[in-house]
Amino acid sequence: MKSILFILTCTIIACCSNCQMKSQQDTALSDIDSANSYTNPLLQRGTEPWVIYHDSFYYYTQSTENEISLWKTSDLTQLRTAMHKIIYDPKGQVGHAHIWAPELHFIQGKWFLYYTADDGNTDNHQLYVAVNDSTDPMKGAFIYKGHIVTDKQKSWAIHPNTFFIDDRQYLIWSGWQTKRADEETQCIYIASMENPWTLSSDRILISIPTYEWERQWICPDGSQSAYPIYVNENPQAFITPTKVNIYYSASGLWTPYYCIGKLEADIDSDLLDPHSWKKYSEPVFMHNAKDSIFSPGGSVFFYSPKRSNWYMIYHARNKPNDAPGEIDSRSPRLQPIQQSPNGDLILGKPIRIDSLLPCP
């Protein structure tokens, strides 16, 4: 009964959110020059996409298993034909299997590659960083810099994302409070950084999956994980003049209910104080069953080259869930979003994959 109520609640929430965005979004899509448009997905498959725009080029990467590849292109909508190469192959490095969610950041004139890996046992995932001195991340070499130790117990940690407020660097990630027993709970943590590879504070817990929409682990067809898994993961910071926003993915990624939630704090508040953070009680981006888009998550936000429009890249699938043992069918999608006068992003709803969208 609880699952039925949750599904109905999600539908109502989606309808309310869509009503606010429907006119603006549909109007924008109805007046598009087909010569300067694209359709989703960007690649046939891919999860946890990451993109950064730097010196007239987009650099794109996504989750992999054993190495990290990077795409470089002046037109992100042409990702399928873009130049790409393996930029980091950590064979022989202890604790480097199951590489997840790489992110590339340009800091102090160098490229820092943040990623997650384990020793072959996914329960032992940890955060790592590699660095490249070249101004072009497709050149030079990424050299292993070290393990980012998040706490004395070296608790499970995934999905690192870093950002600056003035000159102070922070790291956010998803982790466990304790080792799992009969259930698993992924939370969002924050810490300040001494340098791009070392924390300077204890990890601070700022979000636990407590809402029903953050705790879905059973699919409509009855398939499920081996035990309950409640999820807050893949945090991404977005800074406005007055707020620090953290968008994160919630619920089991294998379910259609995987969605995006939001935390926010005043930019002049103590970000290491859990009381500075407010969590939205409803998801800000969720499945669109009408257009067969499910499990949207892993969001990243960026300006178009002329800084005239905001875009969001995320992953989703075209069916409620994959069958057990089936290859993950999620793929990366790109769509324009809006910004309110106060700087907040308005994500709208996932747009169906055959829709013409304006190129950045």
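So, here's what we can say about the structure. On a predicted model such as this, the values are computed, not experimentally measured, just so you know.

Focus on the nonpolar core
1) Next: One finds L76, L113 and Y115 to be the most contacted residues of the largest nonpolar core, which totals 34 residues.
2) Next: For this core, the element with the most residues is strand β7 (residues 110-118), which contributes 4 residues.
3) Next: With residues up to four places along the chain from it excluded, the contact list for L113 reads I68, I87, Y88, P102, E103, L104, Y128, V129, A130 and F142.
4) Next: Formed by 20 residues, the second largest nonpolar core is a distinct cluster that contains I190, A250, C259 and W277.

Digging into the packing of aromatic side chains
1) Next: For the structure shown, the criterion picks out 19 aromatic pairs.
2) Next: Summarising the aromatic geometry, the rings of Y53 and Y58 are spaced 4.7 Å apart at their centres and angled 55° between planes, so their arrangement reads as tilted.
3) Next: A residue is classified by how much of its surface remains accessible, and Y53, at 30% relative accessible area, is partly exposed.
4) Next: An aromatic cluster is built from F238, Y247, F301, Y303 and W310, whose rings are joined through pairwise contacts.
5) Next: For the cation-ring pair, K145 lies above W197, with the distance from its terminal atom to the ring centre recorded as 4.3 Å.

Remarks on the environment of F164
1) Next: Looking at the element boundaries, F164 is found in strand β10 (residues 157-165).
2) Next: Its relative accessible area of 35% is what places F164 among the partly exposed residues.
3) Next: A C-alpha to C-alpha distance of 9.9 Å links F164 and I107, two positions 57 residues apart in sequence.
4) Next: Residues contacting F164, with those up to four places away along its chain left out, are I107 and Q169.

Conventions we followed
- Residues numbered from 1 in each chain as written.
- Predicted model: local features only at pLDDT ≥ 70, side-chain atom pairs only at ≥ 80, totals over all residues.
- Heavy atoms only, no water.
- Core = buried A, V, L, I, M, F, W, Y, C linked by side-chain atoms within 4.5 Å.
- Buried < 20%, exposed > 50% of the residue type's maximum accessible area, 1.4 Å probe, protein only.
- Helix = DSSP H or I, 4+ residues; strand = E, 2+ residues; numbered from the N terminus.
- Contact = heavy atoms within 4.5 Å.
- Phe/Tyr/Trp six-rings, centres within 6.5 Å; stacked < 30°, edge-to-face > 60°.
- Lys NZ or Arg CZ within 6 Å of the ring centre and 35° of its normal.

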